[in-house]
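Architecture at a glance
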Amino acid sequence: MTSAPLLETRALRRNFGALAAARDIDFRLEAGARHALIGPNGAGKTTFINLLTGVVRPTAGVILMNGRDITAVPEAERVKLGIARTFQINRLFRRLSVLENVYIAVAERVGAAPSMRRPAGLRRDVVEESMELLDTLKLSADAARRVSELPYGRQRLVEIAIALGLEPRVLLLDEPAAGVPSAESHIILDAVERLPRQIAVLIIDHDMDLVFRFAQRITVLVSGAVFATGSPREIGANPDVRAVYLGQVARG
Amino acid sequence: MAEALALRHISAGYGDTVVLEDVNLAIQAGESISVIGRNGVGKTTLLATVMGHTTLHGGEVTLGGVSLARVPVFRRARSGIGFVPQEREIFPSLTVRENLEVGARPGPWTQERVFDLFPNLGARLSHAGSQLSGGEQQMLSIARALLTNPRILLMDEPTEGLAPVIVEALAAVLARLAAEGALSIVLVEQNSRVALAFSARTVVMDKGRIVYDGASAALAADGERLAKLIGVE
Amino acid sequence: MTAPPTGWSDHPAARALAGRHRLRAWEPIPWLLALAFYFAFPKYLGFGTEVLVTILFALSLDLVLGYAGIVTLGHAAFFGAGAYTVGMLAKHGIWNEPITGLILAALVAALIGLGSGVVLLRTQGLTLLMLTLCTMALLEEAANLAHDYTGGFDGLDSLPIAPLLGWFEFNPLYPRTQYLYVLSVLFVCFVFVRTLVYSPFGQSLTGIRENTLRMHAVGAPVRRRLVLCYVLSAAIAGVAGGVWAQANAYVNLGTLGLDRAATVLIILVLGGHGRLYGAFVGAVAYMALAHFLSKIYPTAWQLGLGLLLVVIALFAKNGILGIVEAAVRRHAPRVT
């Protein structure tokens, strides 16, 4: 028996009325993994992320982190345990500057956020760390701009920056390249590839260039259940996966 | 051939901000085009201007030779323009069935035909729009526009968020529609591969202007020129 | 300092963040004007005092509405709680020292804010709006029924408030003491609110207003923050009610009513919410206008006021200050 994986689900189930959005999902995410979750529209990929982050409570099954049962741990505390996510549709503080967006996340993590006295801008440690982070994503030149003024592709990077500001051990990326023109999607791909090795990354995306270039392991979800799991080569060659999801784009 | 849609010397934007500058574009009846270009160059604004969602600073939009200047938004939709907006704009509290029935008009597109294209929708007829996944909402938005049986279909990034098999199916259907020439499609698309394969004619936009208007094949064959036009860094 | 002295502190974004709490050149002007008013219009000090109290009340609302995005129609509950605390303590001969009286008013209002906030702030939107309204109505009815303590419908008048600092009398006919006293209280509360909104806590409130879902996702205890903000705002509203009772030497059901709650909301929206000084501009504009219109058209003055508000709501979503900001931006191109 190997040691417990970083994040694991056992028989995880979630029903929405008569619809089973997650059916007995057994899933393992190892430390430092590069894992992709693909599947047809409505297969329950985002629901799975919502289950992992605690936005949605499972109907049955357990979620373990390093072997510890975190099924009942609320969302905010899971963030403290190191689970961070990005959203399929940008959820940014649109009227704030790029720096302020990341500042809010970093301030929350280092425990500066409850402070009422010192002006936010004088927390040099938080500002420095936020700027460093923006710099690694090549966003520092835009730091002073309002998020809503940035092109959509760069806004997607801010999504990632906010999540990284939480120093996650597990990063869940829900369609990070959604809405980004193909000419710019390499910016996202580069950023995702440069993520620190020690972070385990689970990525959902329909851009197969991105998925096959990035992932070391792929799980295919269909109708809420795990349909197949394997290396990109295995998944790409799987005729059933081609039929339900990949179509002609798959590579052997 | 009759002109289905024409934009003449259009300058438009939001409030005082001008996004489109002196845009000229004519589409014949039954002709389809793709519009590509970087983010924020005015592709969405172009469609929004046809729909009447922007501030027109100059120029004229005509539909079948008739000026749209004084035609309010809802009448533009009724006069045969179908619109698939980027934000999908489905009705979250209505069911899938109700979403599809809103604005539906008789014509070659029926619910059965739409469900052949998007089986997900047929399976979830009684679910509320808000319960659909992102990709399913996109399907719903496209299906709703098709069921109005438009003469001109404006689509803003319809393949966004769809599974590759669905993108293929949709691209095939769009290509067939374009080839049949029964309606005109203006396809704004981020994915230049899909765009260039879709129609014989492609328009490239940059900084609010049209910088290329010609054969798709010529662009597809000249990767360097394409890269320059849509700005791959 | 954990950060090295070099690094990013010179970046425009860091400078903007580090500089936004600094005093701007125009900021002393409202305070100087308020002082000038004291000398220039000795006959209008009663009106001036009323304006200052309203500014303080609107400021408390700005904290929850403008910064945290909590929509409430029941903020007068806290104003009334503060006013009745001062009034009942004084009338029944328990306590009538003004400054400690205000602290008690703040405490009582804060407690009510805590009790109601813990329950109400689980909801949002229309539900929240209705619940804040109901809470206020409950308090109003309680004050009406507890006639023996609150004076019921008639309220409590001729409150025996002790002289300020044992020396300065509150004279209802010559409210000089009241004016300067309320101005000082406003100043102290303003400094508190100003510090708060520029702090990391204030930044996180703005975050909650801009995107609650995202705040949950960065691990922020959203409800706890909102309740805390609500309690602080209630305390300030309680202080506003307390000084109002002290300055007028009476308290009545009107301090708890929908009329007051709606008016302060209108004032804040008129001035511009989420902007600190919106409370000042809105209160002065609304009350001055109401004052003069009611003199010119004693019967139909509210009609004129209503029309003005419709115009503001239609064309200036961010209130008077929003118009000013837009004009400044147009004339001074941004340096980025």
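Relevant structure appears above.
Residues numbered from 1 in each chain as written. Chains lettered and ligands numbered in written order. Predicted model: local features only at pLDDT ≥ 70, side-chain atom pairs only at ≥ 80, totals over all residues. Heavy atoms only, no water.

1. Remarks on the overall build of chain C
What chain C contains, in helices and strands, is 15 helices and 0 strands. In terms of its C-alpha atoms, chain C occupies a principal-axis envelope of roughly 65 × 45 × 45 Å. When the 336 residues of chain C are sorted by exposure, 50% land in the buried category. Put simply, of all contacts in chain C between residues at least 6 apart along the chain, 77% involve residues at least 24 apart. In the structure as shown, chain C presents an accessible area of about 16,100 Å², 69% of it carried by carbon and sulfur atoms. (Helix = DSSP H or I, 4+ residues; strand = E, 2+ residues; numbered from the N terminus. Buried < 20%, exposed > 50% of the residue type's maximum accessible area, 1.4 Å probe, protein only. Contact = heavy atoms within 4.5 Å. Areas by Shrake-Rupley, 256 points an atom, 1.4 Å probe, with all protein chains shown as cover.)

2. Looking at helix α15 (residues 319-331) of chain C
All names here are of chain C. Look at α15: 19 Å from first C-alpha to last across 13 residues, which is about the 18 Å you get at 1.5 Å a residue. For α15, the complete set of buried residues consists of Gly319, Leu321 and Gly322. The arc that holds every buried residue of α15, seen down its axis, measures 105°, which confines them to one face. Of the residues in α15, the exposed ones pointing more than 90 degrees away from the buried face are Val328, Arg330 and His331. Residues of α15 that are buried make contact with α12 (258-271), α13 (278-296) and α14 (301-315). (Expected span 1.5 Å × (residues − 1). Arc of directions from axis to C-beta.)

3. Let's talk about the packing of α12(C) against α15(C)
All names here are of chain C. The N-to-C vectors of α12 and α15 enclose an angle of 5°; their axes lie 3 Å apart at closest approach. Regarding the angle of α12 to α15, the classification is roughly parallel. Two secondary-structure elements touch here, α12 through Val269, Leu270 and Gly271 and α15 through Gly319, Ile320 and Leu321. Split into classes, the residues belonging to the contact of α12 with α15 amount to 4 nonpolar, 2 polar and no charged. (Axes fitted to C-alpha atoms, helices over the stretch in contact; angles between N-to-C directions. Parallel < 35°, antiparallel > 145°, perpendicular 65-115°, else oblique. Nonpolar A, V, L, I, M, F, W, Y, C, P; charged D, E, K, R; others polar.)

4. Let's talk about the interface of chain C and chain A
Quoted interface sizes are often the accessible area lost when the parts come together. Counting residues at the interface gives 43 residues for chain C and 45 residues for chain A. Summing both partners gives a buried area of about 3,700 Å² for chain C against chain A, and 64% of it is carried by carbon and sulfur. Contact with chain A buries surface across chain C, with Trp8(C), Pro200(C) and Arg214(C) losing the most and accounting together for 21% of the total. Summed over the shared surface of chain C and chain A, the number is 4 salt bridges. Of the charged contacts, one joins Arg20(C) and Glu100(A) as a salt bridge, the two residues approaching to 2.8 Å between their closest N and O atoms. Taken together, the connections running from chain C to chain A amount to 15 residue pairs in polar contact (both at pLDDT 80 or more). At the level of elements, α1 (12-19), α8 (176-198), α9 (200-210), α10 (212-217) and α11 (222-248) of chain C are the ones that each hand at least two residues to the side of chain C that touches chain A. Ranked by residue count, the leading element in the side of chain C that touches chain A is α9(C), at 8 residues. Taken together, the residues that form the side of chain C that touches chain A break down as 22 nonpolar, 15 polar and 6 charged. (Buried area = accessible area lost by both parts, 1.4 Å probe. Salt bridge = Lys/Arg side-chain N within 4 Å of Asp/Glu carboxyl O. Polar contact = N/O pair within 3.5 Å; in protein donor to acceptor, adjacent residues only side chain to side chain.)

5. Let's talk about the interface of chain A and chain B
Counting from both sides, the interface comprises 29 residues of chain A and, opposite them, 25 residues of chain B. Between the two partners, chain A and chain B, sit 6 residue pairs in polar contact (both at pLDDT 80 or more). Counting only elements with at least two residues in the side of chain A that touches chain B, the list comes to α5 (152-164), α6 (185-193), α7 (208-214) and α9 (239-246) of chain A. A per-element tally of the side of chain A that touches chain B places α9(A) first, with 5 residues. For the side of chain A that touches chain B, the residue count by class is 14 nonpolar, 11 polar and 4 charged.

6. Some remarks on the sheet that holds strand β10 (residues 225-230) of chain A
All names here are of chain A. Spatial strand order, β6-β7-β8-β3-β9-β10: 6 strands in an open sheet with mixed pairing. Taken across any chain shown, the strands that pair with only one partner, and hence form the sheet edges, are β6 (83-85) and β10. Between one strand axis and the next, the sheet turns by 20° as a mean value, whatever way the strands run. Taken together, the 4 bridges between strand β3 (residues 34-38) and strand β9 (residues 217-222) define a ladder with parallel strand orientation. Within β9, the residue paired with Ile38 across the bridge is Val220. The sheet strands contacting α9 are β3, β9 and β10, and the helix crosses β10 at an angle near 125°. (Pairing = 2+ DSSP bridges.)

7. Section: the pattern of salt bridges
In total, this model carries 26 salt bridges over all chains according to the counting rule given. In this structure, Glu210(C) and Arg95(A) form a salt bridge, with 2.9 Å as the shortest nitrogen-oxygen distance. Here Arg95(A) lies in the loop between β6 and α3 (98-110) and Glu210(C) lies in helix α9, a pairing that spans two chains. Glu210(C) sits in the buried class, given a relative accessible area of 16%.

8. Points about the packing of helix α3 (residues 45-67) of chain C against α12(C)
To characterise two packed helices, one gives the angle between the axes of the helices and the distance between these axes. Residue and element names in this part refer to chain C. Following both chains from N to C, one finds α3 and α12 inclined at 75°, their axes separated by 9 Å at the closest point. The pairing of α3 with α12 is recorded here as roughly perpendicular in orientation. For the pair α3 and α12, contact is made by Thr54, Phe57, Ala58, Leu61, Asp62 and Leu65 and by Arg260, Val264, Leu265, Ile267 and Leu268, respectively. Within the contact of α3 with α12, the residues separate by chemical class into 8 nonpolar, 1 polar and 2 charged.

9. Here's the deal with unusual backbone geometry
Positive phi is not limited to glycine here, since Ala11(A) has a value of about 50°. If you trace the backbone, Ala11(A) turns up in strand β1 (residues 7-16). Taking the relative accessible area as the measure of exposure, Ala11(A) reaches 35% and is therefore partly exposed. Here His9(B), not a glycine, exhibits a phi torsion of approximately 50°, which is positive. Relative to the helices and strands, His9(B) is located in strand β1 (residues 3-14).

10. Details of the side chain of Arg78(A)
Residues and elements named next belong to chain A. Among the structural elements, Arg78 can be located in helix α2 (residues 75-81). From its side chain, Arg78 meets the backbone oxygen of Leu52 in a polar contact 2.9 Å long. Here the side chain of Arg78 touches Val73 through a polar contact of 2.8 Å, landing on its backbone oxygen.

11. Some remarks on the sheet that holds strand β2 (residues 19-29) of chain A
Residue and element names in this part refer to chain A. The strand order across the open sheet built from 4 strands is β2-β1-β4-β5, with neighbouring strands paired in antiparallel fashion. The open sheet has two free edges, formed respectively by β2 and β5 (68-69), since each of these has just one partner strand. The sheet contact formed by strand β4 (residues 60-65) and β5 spans 2 bridges and is antiparallel. Within β5, the position partnered with Leu64 by the bridge is Asp69. Each of β1, β2 and β4 is contacted by helix α1 (residues 45-53), which is oriented at about 120° to β1, the strand it contacts most.

12. So, the packing of aromatic side chains
Residue and element names in this part refer to chain C. All told, the structure shown has 17 aromatic pairs over all chains when counted by the stated rule. Taken together, a centroid distance of 5.1 Å and an interplanar angle of 70° make the contact between Trp26 and Tyr277 edge-to-face. Linking Trp26 in the loop between α1 and α2 (28-40) with Tyr277 in the loop between α12 and α13, this pair joins segments that are 251 residues apart in sequence. Relative to Phe280, the ring of Tyr277 has its centre 5.1 Å away and its plane inclined at 45°; by these criteria the two rings are tilted. For Phe280, a relative accessible area of 8% corresponds to the buried category. A network of ring pairs unites the aromatic residues Trp26, Trp31, Phe187, Phe190, Tyr277 and Phe280 as a single cluster. (Phe/Tyr/Trp six-rings, centres within 6.5 Å; stacked < 30°, edge-to-face > 60°.)

13. Here's the deal with the arrangement of the chains
Where the 2 pairs of chains in contact are concerned, the greatest contact count is recorded for chains A and C. If you take every C-alpha in chain B and every C-alpha in chain C, the smallest gap between them is 12 Å, and the two do not touch.

14. Structural notes on α5(A)
Over its 13 residues, α5(A) runs 19 Å from end to end, which matches the ideal 18 Å to within 8%, given 1.5 Å per residue. The buried count for α5(A) comes to 11 of 13 residues, which makes it a mostly enclosed element. Considered for burial, the residues of α5(A) that qualify are Gly153(A), Gln155(A), Arg156(A), Leu157(A), Val158(A), Glu159(A), Ile160(A), Ala161(A), Ile162(A), Ala163(A) and Leu164(A). Each element contacted by the buried residues of α5(A) is listed here: β6, α3, α4 (124-136), β7 (170-174) and α6 of chain A together with α10 of chain C.

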